[in-house]
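Spelled out, the chains give:
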Amino acid sequence: MTTTPTPTDTDAEAVAGEIAPWFTHDRFGMFIHWGLYALPARHEWVMNYEKIQQEEYEKYAKYFDPDLYDPRAWARAAKAAGMKYVVLTTKHHEGFCLWDTALTDYKAPNTPAGRDLVREFVDAVRAEGLRVGFYHSLLDWHHPDFTIDGRHPRRDDSPEEIERLNAGRDMATYREYLHGQIRELLTDYGRIDYLFYDFSYEYEPHNPVWGGKGAKDWGAEELLALTRELQPGIVVNDRLGIPGDIVTPEQYQPSEPMKVDGVEVPWEACQTINGSWGYFRDNHNHKAPELMIRMLVDGVSKNGNMLLNVGPTARGELDSVATEALEAFAEWMHLHSRSIYGAGASAFETPVDARYTQRGNRLYLHLFSWPFEHIHLPGLAGKVEYAQLLGDASELSFREIDPDTPALTTGMGGQPAGTLTLQLPVVRP
Ligand code: JFZ
């Protein structure tokens, strides 16, 4: 398989100790949660939430037959939406593997799917010129050596039964399996740009009896070293229980640029459309596309990325809600991606109910409320050379009522809310 990297204008290799430049430039990626949980179709944690025992859960492997699987369609949808990288669950907590691993039989080639689904995914994403990412679960509710802990589907067995089961389990063997599988994934599929390990949960206040797992259980230092050795320049997240390249706030928008020990760090919010990562048939609690666009803008205004999740169906297709959301992004990004790629926080004070993103001397004002006749822009007196609507490059008049209250005069009261972005080249930032 080809290892051709995806070219972008930030294709330089990462400097040692620094994150690959594409990541903070590209800003927007697609997360894909796909596994056996697409069949019960009621959350990817269904095995745990409903305490479904392994023998029973395994029936889903027998019925896993994604006849409509076409990762090219996923990749095309991601690309059209303006996403630059795509991250697939190679294995989620259920333990089922989408690739042809030599280390377990619990894998897609042994289901009606009958083949390595990761291979096709990687090829498809690269063919669209996007970057390839893997999500890999550290938890494994299927592996016979993974000890029962506070988040295991068997956590409510009697303490005696759990002691008995755990006596026959050996995390050292599981660690070998975990590292072996990462070795396969990072060796056999060409260049992998991104890896999302998930997750560490050492501190378990809600289940102190059986506790959780963290860096030591995963052999995190060794695993991270292996990851970097096999894929120099790869971007790795922070859920191994030791620091990674990025921090990953989940299902919330940080209120300001994120810091670790007082220092700003690259970050990426992972977000769902409806609160579930895996396909959830009867959950119609989805966010409006408009809101998700604002979330992307909000993140970039604080130097963050967004990884927006879709959960394809068990037949392998994106559902209509995901498709509509991606189409809304496609339409918006077509006109506004200049305010996203390579952009980040601005030092200027943000007007009420708006966000700024800035790239060089281009300042983008994203209005979350509309209509406005005038918008007052604190601190911009004497600094705006020219103002225009980003969508069509039509001129906006800008005047300074007095030196303290520069204002944009938009005269665009009829425009729909939220998706407009004005561009203000700033001469003296
Ligand atoms: C994890 C998974 O359990 C979930 O199914 C999904 O894959 C998501 C992307 O990641 O969920 C987490 C993991 C860590 C935290 C919260 C949810 N955390 O550290 O707050």
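Now for a description of the structure that goes with this document. (Residues numbered from 1 in each chain as written. Predicted model: local features only at pLDDT ≥ 70, side-chain atom pairs only at ≥ 80, totals over all residues. Heavy atoms only, no water.)

### Observations regarding the side chain of Lys 302
Logical step 1: Assignment of secondary structure puts Lys 302 in the loop between helix H11 (289-300) and strand S9 (304-310).
Logical step 2: Beyond its immediate chain neighbours, meaning those up to four positions away, Lys 302 contacts Pro 254, Ser 255, Glu 256, Pro 257, Trp 267 and Ala 345. (Helix = DSSP H or I, 4+ residues; strand = E, 2+ residues; numbered from the N terminus. Contact = heavy atoms within 4.5 Å.)

### Examining the pairing of strand S11 (residues 362-367)
Logical step 1: When you tally the buried positions in S11, you get 5 out of 6 residues, the bulk of the element.
Logical step 2: Sheet topology note: the strand S10 (residues 354-359)/S11 ladder contains 6 bridges and is antiparallel. Bridge assignment links Thr 357 to a residue of S11, and that residue is Tyr 364.
Logical step 3: Where S10 hands over to S11, the hairpin turn is made up of 2 residues, of which Gly 360 adopts a positive phi near 60°. (Buried < 20%, exposed > 50% of the residue type's maximum accessible area, 1.4 Å probe, protein only. Pairing = 2+ DSSP bridges.)

### What to know about the site of the ligand
Logical step 1: Near the ligand you find Phe 31, His 33, Glu 44, Trp 45, His 92, His 93, Tyr 135, Asp 198, Phe 199, Arg 239, Glu 250 and Trp 277, and these make up its full shell.
Logical step 2: Measuring from an oxygen atom of the ligand, one finds a side-chain N or O atom of His 93 at 2.7 Å.
Logical step 3: Take Arg 239: an N or O atom from its side chain is 3.2 Å from an oxygen atom of the ligand.
Logical step 4: Contact with the protein chains covers 72% of the free accessible surface of the ligand, which is 450 Å². (Near = heavy atom within 4 Å. Polar contact = N/O pair within 3.5 Å; in protein donor to acceptor, adjacent residues only side chain to side chain. Areas by Shrake-Rupley, 256 points an atom, 1.4 Å probe, with all protein chains shown as cover.)

### Quick look at the packing of aromatic side chains
Logical step 1: This model, assessed by the stated rule, comprises 26 aromatic pairs.
Logical step 2: When the centroid spacing of 6.0 Å and the interplanar angle of 40° are considered together, the rings of Tyr 174 and Tyr 177 count as tilted. Of this pair, Tyr 174 and Tyr 177 both sit in helix H8 (residues 171-187), separated by 3 residues, roughly a single helical turn. Each member of the pair, Tyr 174 together with Tyr 177, is buried. (Phe/Tyr/Trp six-rings, centres within 6.5 Å; stacked < 30°, edge-to-face > 60°.)

### Quick look at the nonpolar core
Logical step 1: Formed by 89 residues in total, the largest nonpolar core has its most connected members in Trp 34, Phe 121 and Phe 134.
Logical step 2: Element by element, the count of residues in this core is highest for H8, at 7 residues.
Logical step 3: In this structure, Phe 23, Phe 31, Phe 196 and Trp 277 belong to the second largest nonpolar core, which totals 15 residues. (Core = buried A, V, L, I, M, F, W, Y, C linked by side-chain atoms within 4.5 Å.)

### Some details on helix H5 (residues 71-80)
Logical step 1: Regarding H5, the residues found buried are Pro 71, Trp 74, Ala 75 and Ala 78. Taken around the axis of H5, the buried residues stretch over an arc of 95°, which confines them to a single face.
Logical step 2: Residues of H5 that are buried sit in contact with strand S1 (28-32), strand S2 (85-91) and helix H6 (117-127).
Logical step 3: Count one or two residues on from H5 and you reach Gly 82, which has phi positive near 90°. (Arc of directions from axis to C-beta.)

By themselves, these observations are geometric and do not establish any function.
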